[in-house]
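Breakdown of the fold
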Amino acid sequence: MKIGVFEPVPLNISLMGGGGIVLREILNVLKKRGYIIYLFSPFMNENNYENLSRLVDKIISIRFPTITSNFLNFSVTRIYNIFISLFQKIFDNSFDYTICNTYDNLIGGFDFGYVHFPARKYFKLRDIKTIKNIKDLMNFITSVKFKENTRIIAANSTFTMRLIKEKITKNVYLLYPPVNIINCDNIEQKDDIVVSLGRIARDKNYETVIKVAAKLTNIKFIIIGRIHDYRYYKELISRSPSNLIFLTNLDEKNKKEILCKAKIIFHAKIDEPFGISVVEGMSAGLIPVVHKSGGTWIDIVEEGKYGYGYLTEEEAIEAIKQALNDSDLRKDVKDKARSFESAMFDDRFLKISGL
């Protein structure tokens, strides 16, 4: 069987987050089953090309060293979505099965589409008067004329699934993303360390982590993640208290070592669609403290069953104080994390997709 896999989000962005984890796992599953795989993406750098080439039979992309402009990334993604929509019939005739790994804009006609967060806006012609800038114009042009007609749609969380159903009436399947499970030798011997894990970008709301750390000076805070927005990173550094450090180029071995020592995974992003980093921390026995929103709160923490939630900065501080001494919860959160491991994703993906 010949399968076309489409990644409309530029891979230098996608591979840094949950989208990249899902893409690699889908390619791994298809490769194991012996399918012929073509990967389409608007552009990728040399490192991404080399890393993915072993998982596919052919990559169709434009190679760029790096694109750092957020607007250019946005524009390329939108244009690529138009390209997919216009040439969908050609793709359908060329492949036995088509998959869109980031079907967030709900544009195109694939056999299977995976939605991380429903980003597409639905405009009517009269909405042209609401356009205020170039980004609004691009949104309008690429949304007003196309309709969604993908056969099977899956969402990464209950939270995302609810948002999709506000936009379309089609049935949506729940498919949690795969998570790398961390096994520690001992989850009982831990230090008073709070870890925040994820790419360094404005939407992750690290400002809250800094404010909380500044009021809990006797506790060590560590932010681990690759720099996605360097200007934002410099702003955070300039405002950080002495008990908070950033580790931006940490390898997996050292990351595991820190997670196995820490007590808490603190996730400050509001309306996080899922939260792979939270599950990763939980697998190492870290108690999650998360904002009471999104898939992190609903699907992972289960509204307080497997961790703590907060709405205000003061509530976050109190939650961290309580979580530091809640050693009885460690085994439960570790067991909960195992329900999101890769094998679970593989089995459900194959069942939903029919492959």
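Just above sits the structure.
Everything numeric here is computed off the predicted structure, so don't read it as measured data. (Residues numbered from 1 in each chain as written. Predicted model: local features only at pLDDT ≥ 70, side-chain atom pairs only at ≥ 80, totals over all residues. Heavy atoms only, no water.)

1. Structural notes on the overall build of the protein
The number of helices and strands found in the protein is 15 helices and 13 strands. Looking at the 355 residues of the protein, the share that counts as buried comes to 57%. Of all intrachain contacts in the protein linking residues separated by at least 6 positions in sequence, the fraction that spans at least 24 positions is 65%. (Helix = DSSP H or I, 4+ residues; strand = E, 2+ residues; numbered from the N terminus. Buried < 20%, exposed > 50% of the residue type's maximum accessible area, 1.4 Å probe, protein only. Contact = heavy atoms within 4.5 Å.)

2. A short note on the state of the cysteines
Applying the stated criterion to the full structure yields 1 disulfide. Here Cys184 is linked by a disulfide to Cys260, with a sulfur-sulfur distance of 2.1 Å. Residues Cys184 and Cys260 are joined by a disulfide whose S-S torsion is about -85 degrees; by sign, that bridge is left-handed. Placement of Cys184 in the loop between strand S7 (172-174) and strand S8 (193-197) and of Cys260 in helix H10 (residues 252-261) is noted, with a sequence separation of 76 residues between them. (Disulfide = S-S within 2.5 Å.)

3. A word on the pairing of strand S9 (residues 220-224)
Side-chain positions along a regular strand alternate between the two faces of the sheet. Most of S9 is tucked away: 4 of the 5 residues are buried. When S8 meets S9, the two strands line up parallel, connected through 5 bridges. Counterpart to Val194 in the pairing with S9 is Phe221. The parallel pair S8 and S9, bridged by helix H8 (residues 206-215), forms a crossover whose chirality is right-handed. Relative to strand S10 (residues 244-247), S9 runs parallel, the two being bridged by 4 bridges. When the sheet's bridge partners are listed, Phe221 is paired in S10 with Leu244. (Pairing = 2+ DSSP bridges. Right-handed = clockwise from strand over helix to strand, strands pointing away.)

4. A word on the pattern of salt bridges
Considering all chains together, one arrives at 14 salt bridges under this definition. The shortest N-O distance in the salt bridge between Arg202 and Asp229 comes to 3.5 Å. Of this pair, Arg202 sits in the loop between S8 and H8 while Asp229 sits in the loop between S9 and helix H9 (230-239); the two residues are 27 residues apart in sequence, bridging distant segments of the chain. What you see here is one network of salt bridges that share partners, running through Arg199, Asp203 and Lys269. (Salt bridge = Lys/Arg side-chain N within 4 Å of Asp/Glu carboxyl O.)

5. Remarks on the environment of Lys336
Along the chain, Lys336 falls in helix H14 (residues 330-338). Relative accessible area serves as the criterion here: at 13%, Lys336 is assigned to the buried category. Between the C-alpha atom of Lys336 and that of Val301, which follows or precedes it by 35 residues, the distance is 8.8 Å. Of note is the side chain of Lys336, whose polar atom sits 2.5 Å from the side chain of Glu302. (Polar contact = N/O pair within 3.5 Å; in protein donor to acceptor, adjacent residues only side chain to side chain.)

6. What to know about the environment of Gln322
By the secondary structure assignment, Gln322 is in helix H13 (residues 313-324). Sequence-wise, Gln322 and Tyr308 are 14 residues apart; in three dimensions their C-alpha atoms are separated by 8.7 Å.

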